[in-house]
Amino acid sequence: MGKPDTRRLDKEIRLTQRKLEAVRNGEMWPLTSQERRQVLRGLVGGSYRVARGKSTARAEQQMDSVSESAQFRLIAELTALQGERQRIVTEAAKDKAAKKSSGWW
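Bear in mind the structure is a predicted one, so any value in this text is a computation, not a measurement.

Visitor: Looking at this model, I keep getting lost on a positive patch on the surface. Mind explaining?
Guide: On the surface, a cluster of positive charge is contributed by Arg-49, Arg-52, Lys-54 and Arg-58. Mapped onto the elements, Arg-58 comes out in helix α3 (residues 57-102). Here Arg-58 falls in the exposed class, since its relative accessible area comes to 65%.

Visitor: Explanation requested: helix α2 (residues 33-51) in the structure shown.
Guide: Each full turn of the α-helix corresponds to 3.6 residues, which orients residues three or four apart in the same direction. With 19 residues, α2 should cover 27 Å at 1.5 Å per step; its first-to-last C-alpha distance of 27 Å lies within 8% of that length. Buried residues of α2: Glu-35, Val-39, Gly-42 and Gly-46, and no others. Angularly, the buried residues of α2 cover 60 degrees about the axis, an arc narrow enough to put them on a single face. The outward face of α2, more than 90 degrees from its buried face, is lined by the exposed residues Arg-37, Arg-41, Val-44, Tyr-48 and Ala-51. On its buried side, α2 packs onto α3. In the stretch just after α2, Gly-53 is the one whose phi turns positive, near 80 degrees.

Visitor: Any chance you could explain the side chain of Thr-56 here in plain terms?
Guide: With respect to the helices and strands, Thr-56 occurs in the loop between α2 and α3. The buried category is assigned to Thr-56, whose relative accessible area is 17%. The residues contacting Thr-56, other than those within four sequence positions of it, are Gly-46, Arg-49 and Val-50.

Visitor: Where do I start with α3 in this structure?
Guide: Taking 1.5 Å of rise per residue, 46 residues should cover 68 Å, and α3 covers 67 Å from first to last C-alpha, within 8% of that figure. Among the residues making up α3, those that are buried are Ala-59, Val-66, Ala-70, Leu-74, Leu-78, Leu-81 and Ala-92. Where α3 is buried, its residues touch α1 (7-24) and α2.

Reading guide: rules and limits
- Starting from 1, residues in each chain are numbered consecutively following that chain's sequence as written.
- Note on the predicted model: pLDDT of at least 70 is required for a residue's local features to be given, and 80 or more for side-chain atom pairs to be given and counted; whole-chain, interface and lining totals, by contrast, use all residues.
- Hydrogens and water are ignored here; the side-chain numbers use all heavy atoms of the structure.
- Nonpolar side chains (Val, Leu, Ile, Met, Phe, Trp, Tyr) are joined into patches within 5 Å and like charges within 9 Å, using only residues with over 30% relative accessible area and no salt bridge.
- Throughout, the Shrake-Rupley method with a 1.4 Å probe supplies accessible areas, and for residues the shown protein chains are the sole cover considered.
- Each salt bridge in this description consists of a side-chain nitrogen of Lys or Arg and a carboxyl oxygen of Asp or Glu lying within 4 Å of one another.
- Under this rule, positive means Lys or Arg and negative means Asp or Glu; His and the chain ends count for nothing.
- To locate a charge, take atom NZ for lysine, CZ for arginine, CG for aspartate or CD for glutamate.
- Helix and strand assignments come from DSSP, with helices taken as H or I runs of at least 4 residues and strands as E runs of at least 2, each series counted from the N terminus.
- Whether a residue is buried, partly exposed or exposed follows from its accessible area with a 1.4 Å probe, protein chains only, as a fraction of its type maximum: under 20%, in between, or over 50%, in that order.
- Each residue after the first adds 1.5 Å to the expected span of a helix.
- Of all possible arcs, the one meant is that of the directions from the helix axis to the C-beta atoms.
- In this analysis, two residues are considered to be in contact whenever any of their non-hydrogen atoms come within 4.5 Å of each other.

Don't take any of this as a statement about function, it's just geometry.
Following this line, the structure appears as structure tokens:
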């Protein structure tokens, strides 16, 4: 009995970690379409207010809020993937221990 096959989960974990880093760096590619719309709405509203010579605090706050919610979503996804990977590894170890103890050698 070999090691458990966790390649697919490992790949998803790496991708989710890359997405999380990208969101922390302010990139837009990992955002969902709804989150992108919210960011663009904040940019348009903020640029309009800049053109009028007014404060952009609300638009900046909205964009920060979207970034934080995306980070929370990705952290939750990452935690779930890591938990599933640990479950598979633990299950494989139990199966291996049961197989070893079942023999009389």
